[in-house]
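As a plain string of letters, each chain reads:
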Amino acid sequence: MSPMTNSVNGTMGSEPKGLSLPKMGGGPGMSFSQQQPQVRVLTLNHGDHMDSTLFRLQKGWVLQLRPGPSLLGKAVSVFTNHPEDLGEGFTRNRYRRLQWKSDSRNKGDDTALYVEVVIISAGAFHFYFTYDDGVERERAQGSGYFIVDPTLTVGTNSETLSLDCVQCQTVLSKCLGPLPDWEQRLQVAYETGYNLVHFTPIQELGDSNSSYSIKDQHKLNTEFQTPDHQYTFADVEALIRRMRDEWKMLSLTDVVLNHTANDSNWIQDHPEATYNCQNSPHLRPAYLLDRVLYHMTVEVADGKWEDRGIPVAIREEKDLEAIKNVIHSHFLPQVKLHEFYTVDVDKTVEEFRRRISSNLPIVTRGKGDSSYKEEMVIIQDPNYGRRTCTVDMNIAVRLYNLASLLKQIMFHNIFLYFPSESNAKTLQGSGPEARDEEDRIVRCCAEFRRHIENLNQQRTSEIQAHLIQAVECVLGTIRYQRLQPDGPMIAEVSRDYPLVPPYFTHYGEDASLEEEEALMFSDKGCYLMAHNGWVMGDDPLNNFARSDCYVYLRRELVAWGDSVKLRYGDKPEDSPYLWDHMKRYCEYTARIFHGIRLDNCHSTPIHVAEYMLDAARKVRPDLYVIAELFTNSDITDNVFVNRLGINSLIREAMSAPNSHEEGRLVYRYGGEPVGAFLLPPVRPLVPCIAHAIFLDLTHDNRSPAEVRTAWDMLPSTALVSMACCASGSTRGYDELVPHHIHVVDETRVYQAWTDAEPTRGECNESSGIVRCKRLLNKLHFELGANGYNQVFVDQVTEHVVTVTRHNPVTHQSVVLVAYTSFRPPAEARETHIRPLKVQGHLEEIIFEMQVKGKTSGEDDKSYPGFFNNDSEFINGLNSIIAEVKENIRPSESSLVRLTSPEDADETECQYTSEFTPGSVIAFRLSLLPRAQTAVNKIRGVLSEFGYKSRISEVTTHNVELMDIVNSLCLSDLNRVLYRCDEEEKDEGHGGGTYSIPNYGSLPYCGLQGVISVLSEIRVHNDLGHPLCCNLRDGDWMPEYIVTRLKHEPATQRLAKWFEDIFNWLKEVPRYLIPAYFDSIVTSSFLKGQTLPRL
């Protein structure tokens, strides 16, 4: 009995263990194989730490962990922190040992061993394995995470809402007005077909009025109050509950963990919760630089530098050059920032003199002495005073208190700076000896001084390089804010609009630089707090405020001047008030809302986010967590997703520079390819990308009317709605607001819904593209709910994109064609668009819609007409109208003309001249009757196969096939399953292995030959593989299988069985043939392979 079997002795019965879950019922879009419990199998191997690999599971599934080849014969223990039952709840650091099971009657069969986790709880879970009964995670020989999606429910009957059916609209909570007005303003989202509202923070905001600068995490925003009533979080909770029950709409809000408003009262009582000049003295030089830039702002605003080429209003690039020169020549020399990083030479040399004058032993060394390799470096003063850095005096004495002074010192210096033995030999033996002890000390001190001065010069050069970078970053910020068209373009410099945003919160009145320097060393230094922000291109897992980081000094932080960065430390004991304050904030947020958006996730300390989300999930176990990450790395994204249990990552269509990239994003963020393989319920667990919530526009970014055109807002949101994932938008998009509704600057309120003709401050379905968006949301929900989980994207022209969503069970398809307009229609209009050709029968045109200007002749602009901003309400364009037709026959369409006969195998539509930029049309297609009959026949056969807990075993209830297979002897099975090329050719039937164009010959003539290839491409849905191309191009492979089996009488009945089912396969659309061929052949092969084992 092997060591692994020994390790599970007593846990296995004599019979194979079955799955512990009941069978799952079928449903819309569920394939024939999904009547069994879903089992995902992950093979463990030595050294596999998969912490950056993403695995997604669902509640009700089973995760099997099986030993791989590198673990066979080892005593392996597997642990997980996924709870065994719901009653015990989830504790991140509480693990349980999983018990080994076997699905073989042979107790010595290590390949049959597995442990399983029955998935019962949502969240992020970890597993690891050790050897020889070890339990410590530190001794793990392999590990990984798995994510379990929450179960979202809506309505009084708690109807399940799939993540792929989520349709989210973001609202700036501050723009909803007093709480009694919320319902009518939120009704716009309900009437437009959204089922999730993302509220920006509802707490009291700071002086900047930024939606994300929270002043008090435990107080409702005062703007929601009315003169006669003070509302509380309980009132918000009641509204959220009504939205869920009556409108079937869920709600989520932001949790902001890594910063708080500058004017938060509680940080005055608990400054230790922030990074400041007292608890983070390494920030003192950066604070002083910040004040230098502020003093420069004041002088520029007062016009003191106009004679040096710096005007009060910055409008030209030459102004930046003047600013650069003045910073370097005038302002930086005032503060001598390098002195915070250097040594006081005179003081240090004097200490050295005292040391070597106190009768210390004098060092005599030879070339081989190890002390030659010692290096003297500057030791940074942890308090960052001026010229208070030090050196290790013990090293200094060993290096420079020498008996044979010049000879030894010169040799040492050459060895240290020019470690070439030939150079060292050149200097050995040269130079006079010291005349006496006093002369020796003088010479030692002189050499020591030269070395210290050299170190200071090196350090000064390093700091100067940082300051050069800082000035470049300052100029970049000024350029963006004052010159670039995509920036705010605020030219005038003032105290309210300084040259650059401040990096620190100042304390008290403005003072001289000398006084402010003294302030940062005083007990008031705790109130000089570092602001938060983000660093472009930095590793998000690194803390940019740490002591060994120069981000603040180099001015590389994109700073939020209204918020200070919070300092958690490594554990709650490091900042008890802060951890408790934020924990209670997360807990009541989870009580009120169904989900959380983790704001600025990439800059939030990951261990803090773990702790807070664990607390929130204790309140609401099925919490929906979304986040936006700017890591530019799927691997880093996965680290955050795995550790935090992020259910959906926010993605945005506005990141696409053209329609081709936008179409690629639609394909990337969800779904399988059309014609994907029909995978069994027991199958390998494969890595995946993070689930997306794909938005046409996030609330952080500018309107497409500014960046692209208003004409593109309809086709681009239509493409987003066709993505097989959660979708979303931001309030104002559907009303065609042609500017950024800014999270800081916006003070107006949203329009309210009306069923009547809208007046000022109101909107209805005729406003903007609201009616269009309602139809798109309805279609997106239908596709997600009914299993249209296969996606195909076709770039028809530079501006026209076609997206197909396919149901792999019913084989119905929805095809949407969008004519994008990233440029004005006059520039995007195509001279020729190839006809739409789709296999199948056209059932209906679901809708066609397009946007047009109210007046003609303005299609060369980003939007037609003129826009007038309302002073009180956030309003959109009224110069564009949206025309919509629903559920129409092809003959009623204005955009296409049907050119194929109704009974043709392929539907062909030509586009009319009315199909112009800003147009969208959606078709519903189904299989032709004979193809549907063939699919039903094949599915009927496949439904008789069942799958055991082991991937390689199947059962069947097909009496005919069972009788055929049972009649085969081992020789016959060898013919069916294997047979090499030489064996086949020796029979004289002219056979041999099957050769696939652009691939080569299969390894076997029997089913194993094609199975070997299919097993590699199936899991990854590699439909572009030469085998799949060969199957789509013709019926040669099925005919090859049948023909070779007909040669032998014993296998002729099996040949007839294959021939009958392959005849049905010929009637299936060609793009589906690889999937059905694989299911037929693989199921048959596995059944035949089982007999010899029995």
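What you are looking at is a predicted structure, and each value in this text was computed from that prediction instead of being measured.

Observations concerning the overall build of the protein chain
For step 1, the next point in the chain: The number of helices and strands found in the protein chain is 30 helices and 45 strands.
For step 2, the next point in the chain: Based on the C-alpha atoms only, the size of the protein chain along its principal axes is roughly 115 × 80 × 60 Å.
For step 3, the next point in the chain: Across the protein chain, the fraction of contacts at a sequence separation of at least 24, relative to all contacts at a separation of at least 6, is 75%.
For step 4, the next point in the chain: A total accessible area of about 44600 Å² is found for the protein chain, and carbon and sulfur atoms account for 48% of it.
For step 5, the next point in the chain: Within the protein chain, the 148 negative side-chain charges are centred at a point lying 4 Å from the centre of the 111 positive side-chain charges.

Focus: the sheet that holds strand S25 (residues 672–673)
For step 1, the next point in the chain: The sheet built from 7 strands is open, its strands ordered S25-S32-S33-S34-S41-S36-S38 with mixed pairing. Sheet topology places S25 and strand S38 (880–888) at the edges, where each strand pairs with a single neighbour.
For step 2, the next point in the chain: Running over the sheet, helix H19 (residues 713–721) touches strand S33 (800–806), strand S34 (813–819), strand S36 (841–853) and strand S41 (919–926) and is turned about 155° from S34.
For step 3, the next point in the chain: Against the sheet, helix H20 (residues 770–785) makes contact with S33, S34, S36, S38 and S41, and its axis sits at roughly 150° relative to S36, the strand it touches most.

Notes on the packing of aromatic side chains
For step 1, the next point in the chain: Applying the stated rule across the entire model yields 33 aromatic pairs.
For step 2, the next point in the chain: Ring centres of Phe125 and Phe146 lie 5.7 Å apart, and the angle between their planes is 35°; this geometry places the pair in the tilted category. Taken as a pair, Phe125 in strand S9 (residues 123–131) and Phe146 in strand S10 (residues 142–148) lie far apart in primary sequence, 21 residues in all. The pair formed by Phe125 and Phe146 is uniform in burial state, with each residue classed as buried.
For step 3, the next point in the chain: Considering the side-chain rings of Phe544 and Tyr552, the 6.0 Å spacing of their centres and the 45° angle between planes classify their relative orientation as tilted. With respect to burial, Phe544 and Tyr552 carry one shared label: buried.

So, the environment of Glu906
For step 1, the next point in the chain: Mapped onto the elements of the fold, Glu906 is located in strand S40 (residues 906–911).
For step 2, the next point in the chain: According to the relative accessible area criterion, Glu906 is partly exposed, its value standing at 35%.
For step 3, the next point in the chain: Put simply, Glu906 and Arg584 are 322 residues apart on the chain and 61 Å apart in space, counted from C-alpha to C-alpha.

Notes on the environment of Glu587
For step 1, the next point in the chain: Summarising the element assignment, Glu587 is placed in helix H14 (residues 576–592).
For step 2, the next point in the chain: Along the primary structure Glu587 and Ala615 are separated by 28 residues, whereas in three dimensions their C-alpha atoms are 6.3 Å apart.

Some words on the nonpolar core
For step 1, the next point in the chain: If you look at the biggest cluster of nonpolar residues, it comprises 73 residues, and the most contacted ones within it are Trp182, Leu186 and Phe199.
For step 2, the next point in the chain: Per-element tally for this core: the top contributor is H14, with 8 residues.
For step 3, the next point in the chain: When sequence neighbours within four positions are dropped, the list of residues in contact with Leu186 reads Val171, Leu176, Val197, Phe199, Leu239, Met243 and Trp247.
For step 4, the next point in the chain: Formed by 54 residues, the second largest nonpolar core is a distinct cluster that contains Leu927, Ala931, Val1042 and Ala1055.

A short note on the pairing of strand S8 (residues 113–118)
For step 1, the next point in the chain: The buried fraction of S8 amounts to 5 of the 6 residues, a majority that puts the element mostly inside the structure.
For step 2, the next point in the chain: The pairing of strand S4 (residues 62–67) with S8 spans 4 bridges and is antiparallel. Across the sheet, the residue bridging to Leu65 is Val115, located in S8.
For step 3, the next point in the chain: Of the pairings in the sheet, the one linking strand S7 (residues 101–102) to S8 comprises 2 bridges and is antiparallel in character. Across the sheet, the residue bridging to Lys101 is Tyr114, located in S8.

Here's the deal with the pairing of strand S24 (residues 648–652)
For step 1, the next point in the chain: Within S24, 5 of the 5 residues are buried, leaving the element largely enclosed by the surrounding structure.
For step 2, the next point in the chain: Residues of S24 alternate between two faces, with Ser648, Ile650 and Glu652 on one and Leu649 and Arg651 on the opposite face, all of them buried.
For step 3, the next point in the chain: Across 2 bridges, the pairing between strand S23 (residues 624–627) and S24 is parallel. The residue bridging Ala627 from the neighbouring strand is Leu649, located in S24.
For step 4, the next point in the chain: Alignment of S24 against strand S27 (residues 692–695), held across 4 bridges, turns out to be parallel. Considered in S27, the bridge of Leu649 is made with Ala692.

Here's the deal with H20
For step 1, the next point in the chain: Taking 1.5 Å of rise per residue, 16 residues should cover 22 Å, and H20 covers 22 Å from first to last C-alpha, within 8% of that figure.
For step 2, the next point in the chain: All of the buried residues along H20 are Val770, Cys772, Lys773, Leu775, Leu776, Asn777, Leu779, His780, Leu783 and Gly784.
For step 3, the next point in the chain: Once H20 ends, the next one or two residues include Gly787, with phi positive near 80°.

Brief notes about empty space enclosed by the protein
For step 1, the next point in the chain: What the rule picks out here adds up to 10 cavities of 30 Å³ or more.
For step 2, the next point in the chain: When its volume is computed, the largest cavity comes out at roughly 110 Å³.
For step 3, the next point in the chain: As for the largest cavity, its lining consists of 16 residues, of which Leu697, Thr730, Arg731, His739 and Ile741 are closest to the centre.
For step 4, the next point in the chain: Class assignment of the residues belonging to the lining of the largest cavity gives a composition of 8 nonpolar, 7 polar and 1 charged.

Focus: the sheet that holds strand S39 (residues 896–898)
For step 1, the next point in the chain: Spatial strand order, S35-S40-S39: 3 strands in an open sheet with antiparallel pairing. Whereas interior strands pair on both sides, the edge strands pair on one side only; in this sheet they are strand S35 (836–839) and S39. When the angles between neighbouring strand axes are averaged without regard to direction, this sheet yields 25°.
For step 2, the next point in the chain: Judged from the 4 bridges that link them, S35 and S40 form a sheet pairing that is antiparallel. Residue pairing in the sheet places Gln839 in a bridge with Glu906 of S40.

Overview of the confidence of the model for the protein chain
For step 1, the next point in the chain: Here the protein chain averages 90 in pLDDT, while 91% of its residues score no lower than 70.
For step 2, the next point in the chain: Here residues 406–431 scores under 50 on pLDDT; set against residues more than four positions off or in separate chains, the count is 43 contacts.
For step 3, the next point in the chain: Here residues 1090–1094 scores under 50 on pLDDT; set against residues more than four positions off or in separate chains, the count is 8 contacts.

Things to note about the pattern of salt bridges
For step 1, the next point in the chain: Tallied over the full model, the rule gives 74 salt bridges.
For step 2, the next point in the chain: Between Asp700 and Arg597 there is a salt bridge, and its shortest N-O distance comes to 3.9 Å. Taken together, the residues Asp700 in the loop between S27 and helix H18 (704–707) and Arg597 in strand S22 (residues 595–598) connect sequence positions 103 residues apart.
For step 3, the next point in the chain: The salt bridge partner of Asp634 is Arg668, with a shortest N-O separation of 2.7 Å. On the criterion of sequence distance, the pair formed by Asp634 in helix H16 (residues 634–644) and Arg668 in helix H17 (residues 659–668) is long-range, its members being 34 residues apart.
For step 4, the next point in the chain: Judged by relative accessible area, which is 29%, Arg668 ranks as partly exposed.
For step 5, the next point in the chain: One salt-bridge network, held together by shared partners, links Asp254, Arg597, Asp599, Glu628 and Asp700.

Details of the packing of helix H5 (residues 284–301) against helix H6 (residues 317–335)
Each pair of packed helices can be described by the angle between their axes along with the distance between the axes.
For step 1, the next point in the chain: Contact pair H5 / H6: the axes reach a minimum separation of 11 Å and the direction vectors enclose 125°. The orientation of H5 relative to H6 falls into the category oblique. Seen from above, H5 lies across H6 with right-handed handedness. Residues Leu288, Leu289, Val292, Leu293, His295, Met296 and Glu299 of H5 pack against Ile323, Val326, Ile327, Phe331, Leu332 and Val335 of H6.
For step 2, the next point in the chain: Split into classes, the residues belonging to the contact of H5 with H6 amount to 11 nonpolar, 1 polar and 1 charged.

Observations concerning the environment of Lys1046
For step 1, the next point in the chain: Structurally, Lys1046 can be placed in helix H28 (residues 1036–1046).
For step 2, the next point in the chain: Overall, the relative accessible area of 39% leaves Lys1046 in the partly exposed class.
For step 3, the next point in the chain: When the C-alpha atoms of Lys1046 and Lys1056 are compared, they prove to be 8.0 Å apart, with 10 residues separating the residues in sequence.
For step 4, the next point in the chain: For Lys1046, the contacting residues outside a window of four places in its chain are Gln1052, Ala1055 and Glu1059.

Topic: the side chain of Arg555
For step 1, the next point in the chain: Its place among the elements puts Arg555 in the loop between helix H13 (551–554) and strand S21 (557–565).
For step 2, the next point in the chain: Look at Arg555 and you get buried, because its relative accessible area is 5%.
For step 3, the next point in the chain: Among all residues touching Arg555, those that are not within four sequence positions of it are Leu289, Asp290, Leu293, Ala470, Cys473, Val474, Val500, Pro501 and Tyr503.

Cut-off values and rules
- Residues numbered from 1 in each chain as written.
- Predicted model: local features only at pLDDT ≥ 70, side-chain atom pairs only at ≥ 80, totals over all residues.
- Heavy atoms only, no water.
- Helix = DSSP H or I, 4+ residues; strand = E, 2+ residues; numbered from the N terminus.
- Contact = heavy atoms within 4.5 Å.
- Areas by Shrake-Rupley, 256 points an atom, 1.4 Å probe, with all protein chains shown as cover.
- Lys, Arg positive; Asp, Glu negative; His and termini not counted.
- Charge placed at Lys NZ, Arg CZ, Asp CG, Glu CD.
- Pairing = 2+ DSSP bridges.
- Axes fitted to C-alpha atoms, helices over the stretch in contact; angles between N-to-C directions.
- Phe/Tyr/Trp six-rings, centres within 6.5 Å; stacked < 30°, edge-to-face > 60°.
- Buried < 20%, exposed > 50% of the residue type's maximum accessible area, 1.4 Å probe, protein only.
- Core = buried A, V, L, I, M, F, W, Y, C linked by side-chain atoms within 4.5 Å.
- Expected span 1.5 Å × (residues − 1).
- 1 Å grid on protein atoms, 1.4 Å probe; cavity = no way out; pocket = protein on both sides within 12 Å on 5 of 7 lines; lining within 4 Å.
- Points joined across faces, edges and corners; volume = space filled by probe spheres on them.
- Nonpolar A, V, L, I, M, F, W, Y, C, P; charged D, E, K, R; others polar.
- pLDDT = per-residue confidence, 0-100.
- Salt bridge = Lys/Arg side-chain N within 4 Å of Asp/Glu carboxyl O.
- Parallel < 35°, antiparallel > 145°, perpendicular 65-115°, else oblique.
- Left-handed = near helix turned anticlockwise from the far one by under 90°.

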